[in-house]
Amino acid sequence: MRLTSPELRQPPPPPGPPPRRHEPAPHHVRTSVPRPLGRRVFWLPAQDREVLWLYLLTRAGLWITAYCARWLFPADPDSHEAGSVLAPFQQWDWYHYLHIADEGYFPGGAGPWLERWDNREAFFPGFPLLLRAVHVVVADWAAAGVLISFVAGGVAVVALAHIARLHLSGADTGRRTVLFFLLSPCAIFLAAGYTEALFLALALPAWLAAQRRNWPLAATLTALATCVRVSGLFLAAAIAVHFLLVARRHVRALPWLALPALPAALYAWYLHAHTGDWLAWKHAEERGWYRDFHTPWEAWSHTWTGAFGHTQTTGYAFMFQAELLALLVGLLLLALLLKQRRWPEATYIGLTLWALATSYWYMSIPRATLLWWPLWTTLAAWSQRTPRIKTLYLCLAAPLSTIIALTYLTGRWAG
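Quantities reported herein were computed from a predicted structural model and do not represent experimental measurements.

Thresholds applied
Residues numbered from 1 in each chain as written. Predicted model: local features only at pLDDT ≥ 70, side-chain atom pairs only at ≥ 80, totals over all residues. Heavy atoms only, no water. Helix = DSSP H or I, 4+ residues; strand = E, 2+ residues; numbered from the N terminus. Buried < 20%, exposed > 50% of the residue type's maximum accessible area, 1.4 Å probe, protein only. Contact = heavy atoms within 4.5 Å. Areas by Shrake-Rupley, 256 points an atom, 1.4 Å probe, with all protein chains shown as cover. Phe/Tyr/Trp six-rings, centres within 6.5 Å; stacked < 30°, edge-to-face > 60°. Lys NZ or Arg CZ within 6 Å of the ring centre and 35° of its normal. Expected span 1.5 Å × (residues − 1). Bend = angle between axes of the 7 residues up to and from the residue. Salt bridge = Lys/Arg side-chain N within 4 Å of Asp/Glu carboxyl O. Axes fitted to C-alpha atoms, helices over the stretch in contact; angles between N-to-C directions. Parallel < 35°, antiparallel > 145°, perpendicular 65-115°, else oblique. Patch = residues over 30% accessible without salt bridge, like charges linked within 9 Å, V, L, I, M, F, W, Y side chains within 5 Å. Core = buried A, V, L, I, M, F, W, Y, C linked by side-chain atoms within 4.5 Å. pLDDT = per-residue confidence, 0-100. Polar contact = N/O pair within 3.5 Å; in protein donor to acceptor, adjacent residues only side chain to side chain. Left-handed = near helix turned anticlockwise from the far one by under 90°. Nonpolar A, V, L, I, M, F, W, Y, C, P; charged D, E, K, R; others polar.

1. Section: the overall build of the protein
Scanning the protein from N- to C-terminus turns up 18 helices and 0 strands. Classification of the 415 residues of the protein by burial places 45% in the buried group. At a minimum sequence separation of 6, the contacts of the protein that also span at least 24 residues come to 72%. Just so you have it, the protein exposes about 23100 Å², and 65% of that area is on carbon and sulfur atoms.

2. Re the packing of aromatic side chains
Summed over all chains, the structure comprises 32 aromatic pairs. For the pair Trp300 and Trp304, a centre-to-centre distance of 6.0 Å together with 25° between the ring planes defines the contact as stacked. Of this pair, Trp300 and Trp304 both sit in helix H13 (residues 296–308), separated by 4 residues, roughly a single helical turn. In this structure, Arg367 is placed above the aromatic ring of Phe189, and the distance from its NZ or CZ to the ring centre is 5.2 Å.

3. Details of helix H18 (residues 388–410)
Here H18 contains 23 residues, and its C-alpha end-to-end distance of 34 Å stays within 8% of the 33 Å for a straight helix at 1.5 Å per residue. Of all the bends in H18, the greatest, near 25°, is centred on Ala397, and the proline Pro399 appears no more than four residues after it. Among all positions of H18, only Ile389, Tyr393, Ala397, Ser401, Ile404, Ala405, Thr407, Tyr408, Leu409 and Thr410 are buried. Its buried side turned inward, H18 meets helix H2 (46–72), helix H6 (173–182), helix H7 (188–191) and helix H17 (373–385). Of the residues one or two after H18, Gly411 is the one with positive phi, at around 70°.

4. Things to note about the pattern of salt bridges
Using the criterion set out here, one finds 9 salt bridges in the structure. A salt bridge links Asp172 to Arg176; its shortest N-O distance comes to 3.1 Å. Given the relative accessible area of 24%, Asp172 is considered partly exposed. Relative accessible area serves as the criterion here: at 15%, Arg176 is assigned to the buried category. With a closest N to O distance of 3.1 Å, Glu196 and Arg229 form a salt bridge.

5. Re the packing of helix H3 (residues 94–103) against helix H5 (residues 141–167)
At a minimum axis separation of 11 Å, H3 and H5 run at an interaxial angle of 110°. Taken together, the axes of H3 and H5 lie roughly perpendicular to each other. Each of Trp94, Leu98, Ala101 and Asp102 in H3 lies in contact with H5, whose residues at this interface are Trp141, Ala142 and Gly145.

6. A closer look at the environment of Leu208
Its location among the elements puts Leu208 in helix H8 (residues 196–211). Residues Leu208 and Ala218, 10 residues apart in the sequence, show an inter-C-alpha distance of 7.7 Å. Non-local contacts of Leu208, meaning those with residues more than four positions away in its chain, are made with Ala159, His162, Ile163 and Leu166.

7. Overview of H17
Here H17 contains 13 residues, and its C-alpha end-to-end distance of 19 Å stays within 8% of the 18 Å for a straight helix at 1.5 Å per residue. Every buried residue of H17 is accounted for by Trp373, Pro374, Leu375, Trp376, Thr377, Thr378, Leu379, Ala380, Ala381 and Ser383.

8. Side note on a nonpolar patch on the surface
On the surface, Tyr67, Trp71, Leu72 and Phe73 cluster together into a nonpolar patch covering about 470 Å² of accessible area. Take Tyr67: its relative accessible area is 45%, and that puts it in the partly exposed class.

9. Description of the nonpolar core
Formed by 116 residues in total, the largest nonpolar core has its most connected members in Phe181, Ile188, Tyr348 and Trp372. Once residues lying within four places of it in the same chain are set aside, the contact partners of Ile188 are Leu62, Phe89, Ile404, Ala405, Tyr408 and Leu409.

10. Topic: the confidence of the model for the protein
On average, the protein scores 89 in pLDDT, and the residues at 70 or more come to 89%. Contacts of residues 1–11 to residues separated by more than four positions or lying in other chains number 1 contact, the stretch itself having pLDDT below 50. Here residues 21–41 is a poorly scored stretch, pLDDT under 50, and it has 2 contacts once near neighbours within four places are set aside; other chains count.

11. Re unusual backbone geometry
Most peptide bonds adopt trans geometry, and most residues besides glycine take a negative phi value. Although it is not a glycine, Trp92 sits at a positive phi angle of roughly 50°. Tracing the backbone through its elements, the reader meets Trp92 in the loop between H2 and H3. In this structure Trp92 comes out as partly exposed when scored by relative accessible area, which is 31%. For Tyr290, which is not a glycine, the phi torsion comes out positive at approximately 55°. Note on placement: Tyr290 falls in the loop between helix H12 (280–289) and H13.

12. Focus on the side chain of His294
Its location among the elements puts His294 in the loop between H12 and H13. Here the side chain of His294 touches Glu298 through a polar contact of 3.5 Å, side chain to side chain.

13. Observations concerning the side chain of Thr173
Along the chain, Thr173 turns up in helix H6. Among the polar contacts made by the side chain of Thr173, one reaches the main-chain carbonyl oxygen of Ser169 at a distance of 2.7 Å. Here the side chain of Thr173 touches Gln384 through a polar contact of 3.2 Å, side chain to side chain.

14. Some points on the packing of H13 against helix H14 (residues 314–339)
At a closest axis distance of 7 Å, the pairing of H13 and H14 adopts a crossing angle of 135°. Our classification of the angle between H13 and H14 gives oblique. For the element pair H13 and H14, the recorded crossing hand is left-handed. Side by side, H13 and H14 meet where Trp300, Thr303, Trp304, Gly306, Ala307 and Phe308 of the first sit next to Ala317, Phe320, Gln321, Glu323, Leu324, Leu327 and Leu328 of the second. Considered class by class, the residues forming the contact of H13 with H14 number 9 nonpolar, 3 polar and 1 charged.

Set out below in structure tokens:
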């Protein structure tokens, strides 16, 4: 029997107090551990809070840019006073939405039969209606438009992060996807009083609902998105393809797929009642923006001539160059989606490209990239496999974003 040496022996521990029996606390004593203040105030999950924090930081950057632009690039170079704080956000298409919200589509019997008509019926009524409703509370029209885009953009980025987490793995998947999205070259249009943010705030949750097979919710949100932009019909087609792939036996949900066509039909009926033309919105696009049908190769030729044929001023030539680049990005994305057999997303991108690439020349394709959520999830997935892609994208997107933001905020084409 082996004994331990006296030097290594440890004295036994002193006897402690007997264990106390658990007694219920008095009713006036709070026994639960209080939650941190942040969890009580910010009820969103931590990942969504990170996304919103990133969203707020990028909004602050755009607002600082707008503040500087009104001082450095005034409309009158000899002016000693800057314009109003919201003046940089009142450019281009904003005035169409403002006039519709303030006056309606056909004020005083005016319409496309007048010589200098502004073709406002080309714009769907969803955003102007909401703008008029918010104007009841917010007296300034520009502030109401910026507020709508600000709130809608927050909803959109959270939904985009959730879509990314459905398809990609990784703790920072949602934040990475949103980062690519918010630093895109045309991100300025998410902050202005335009339709992109509001459309995404409805379309992305609709796509999420379709992924979770909540067809009534998906159809309702898609119908609301169609009130904002005709692109809602392309989203409806993508959701219909997704339905046929995963739930074609759910016959009882099939009628919901027709709901998104209702807003477009009602708007066409409204325009017909005032103009006698069932396609008045399409004809307004043709008169105002040369969106009459041309073959894809004709549209490419006309745009190429505008970009490199020295027929346009330098600012417009740069715009056409951006249109060509955006189309190439869209075609590459479509090819990738087809290769991966992501048929619903390919349907959405394909219909969008067909609508944009069959006009006299390309117009608004760079802005349309904001609505291509598969593009942002694809870039995020690519950057996870090749980390240098993130650095490359940020280095390329930063100067383009600055140029396009200043172009919009100053109301003039660069050059």
